[in-house]
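# Summary of the model geometry
Listed below, chain by chain, are the residues.
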Amino acid sequence: QKEVEQDPGPLSVPEGAIVSLNCTYSNSAFQYFMWYRQYSRKGPELLMYTYSSGNKEDGRFTAQVDKSSKYISLFIRDSQPSDSATYLCAMSATGSNDYKLSFGAGTTVTVRA
Amino acid sequence: SQTIHQWPATLVQPVGSPLSLECTVEGTSNPNLYWYRQAAGRGLQLLFYSVGIGQISSEVPQNLSASRPQDRQFILSSKKLLLSDSGFYLCAWSETSKQFFGPGTRLTVL
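Remember, it's a predicted structure, so these values are computed and weren't measured experimentally. (Residues numbered from 1 in each chain as written. Chains lettered and ligands numbered in written order. Predicted model: local features only at pLDDT ≥ 70, side-chain atom pairs only at ≥ 80, totals over all residues. Heavy atoms only, no water.)

## Let's talk about the state of the cysteines
A covalent bond between the sulfur atoms of two cysteines is referred to as a disulfide. Residues and elements named next belong to chain A. Applying the stated criterion across every chain, the model contains 2 disulfides over all chains. The disulfide bridge from C23 ends at C89, spanning 2.0 Å between sulfur atoms. Its torsion about the S-S bond being -105°, the disulfide of C23 and C89 is classed as left-handed. One end of the pair, C23, is in strand β3 (residues 19–25); the other, C89, is in strand β9 (residues 85–93), and 66 residues separate them in sequence. (Disulfide = S-S within 2.5 Å. Helix = DSSP H or I, 4+ residues; strand = E, 2+ residues; numbered from the N terminus.)

## So, the interface of chain A and chain B
At the interface, 19 residues of chain A touch 24 residues of chain B. Across the interface of chain A and chain B, roughly 1,700 Å² is buried in total on both sides, 58% from carbon and sulfur atoms. Together, R41, Y99 and K100 of chain A form the three largest contributors to the area buried by chain A at its contact with chain B, with a combined 30%. Our count for the contact surface shared by chain A and chain B stands at 1 salt bridge. Across the pair E59 of chain B and K100 of chain A runs a salt bridge whose closest N-O atoms are separated by 3.2 Å. Summed over the shared surface of chain A and chain B, the number is 9 residue pairs in polar contact (both at pLDDT 80 or more). Among the secondary structure elements, those contributing two or more residues to the side of chain A that touches chain B are β4 (30–38), β5 (45–51) and β9 of chain A. At 4 residues, β4 of chain A tops the list of elements feeding residues into the side of chain A that touches chain B. Of the residues belonging to the side of chain A that touches chain B, the class tally is 11 nonpolar, 4 polar and 4 charged. (Contact = heavy atoms within 4.5 Å. Buried area = accessible area lost by both parts, 1.4 Å probe. Salt bridge = Lys/Arg side-chain N within 4 Å of Asp/Glu carboxyl O. Polar contact = N/O pair within 3.5 Å; in protein donor to acceptor, adjacent residues only side chain to side chain. Nonpolar A, V, L, I, M, F, W, Y, C, P; charged D, E, K, R; others polar.)

## Section: the environment of T24 of chain B
Residues and elements named next belong to chain B. If you trace the backbone, T24 turns up in strand β3 (residues 19–26). Residue class for T24 comes out buried when judged on its relative accessible area of 16%. For the pair formed by T24 and Q6, sequence separation is 18 residues and the distance between their alpha carbons is 6.7 Å. For T24, the residues in contact, after removing those within four places along its chain, are T3, I4, H5, W7, R72 and Q73. (Buried < 20%, exposed > 50% of the residue type's maximum accessible area, 1.4 Å probe, protein only.)

## Observations regarding the pairing of strand β8 (residues 71–76) of chain A
Residue and element names in this part refer to chain A. As paired strands, β3 and β8 are joined by 6 bridges and run antiparallel to one another. Pairing of T24 across the sheet is with Y71, part of β8. As judged from the 6 bridges shared by strand β7 (residues 61–66) and β8, these two strands associate in the antiparallel manner. What sits directly across from A63, in β8, is L74. Once β7 ends, the chain turns through 4 residues before running back antiparallel as β8, passing K70 with a positive phi of about 55°. (Pairing = 2+ DSSP bridges.)

Quick look at the structure:
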């Protein structure tokens, strides 16, 4: 069993729809949770960063963490064609100075105009 | 602000040839540095990481090696490339649990 599970999709939605992405994990030591966006043939860019449980909102993006269920989500409201990309979840534990991340496999999203 | 550079952007090499990919970071001191490989349609595989000059940790046994000759320079090398070394190589840096990625090098081994 992988440490972080993410449905690879692909996911295709019409413009303006809400995109819902999620990851599950098995390591209860994870405390930091991130979402990266990766456009084709580019490096991943950090989109959202949260610590422990709770919600965080940034514009059209909302990240949720439910540590009791070991489940994290990313919601994209009013999706645009420019949101078409692969979204990777990532997480790390505390207590080590290497700051290694465990990544999901990534979900490919296409927003149709 | 911090900037991370990788070069070359694209590389086509024959099997058995050597490899050297370079990554440099600007605007920060003593960052953690990481090398990842991303195969087509797959997730990120951590290859090496470094928490300081000369300190290299290997995550996956392979014919690749890494070095950190300077604080903000990270080099990925191979003496003899294999077909299976093809992929998208990404360098990243961090000071906390947030990692920031470079633009990547696309390597094709023929």
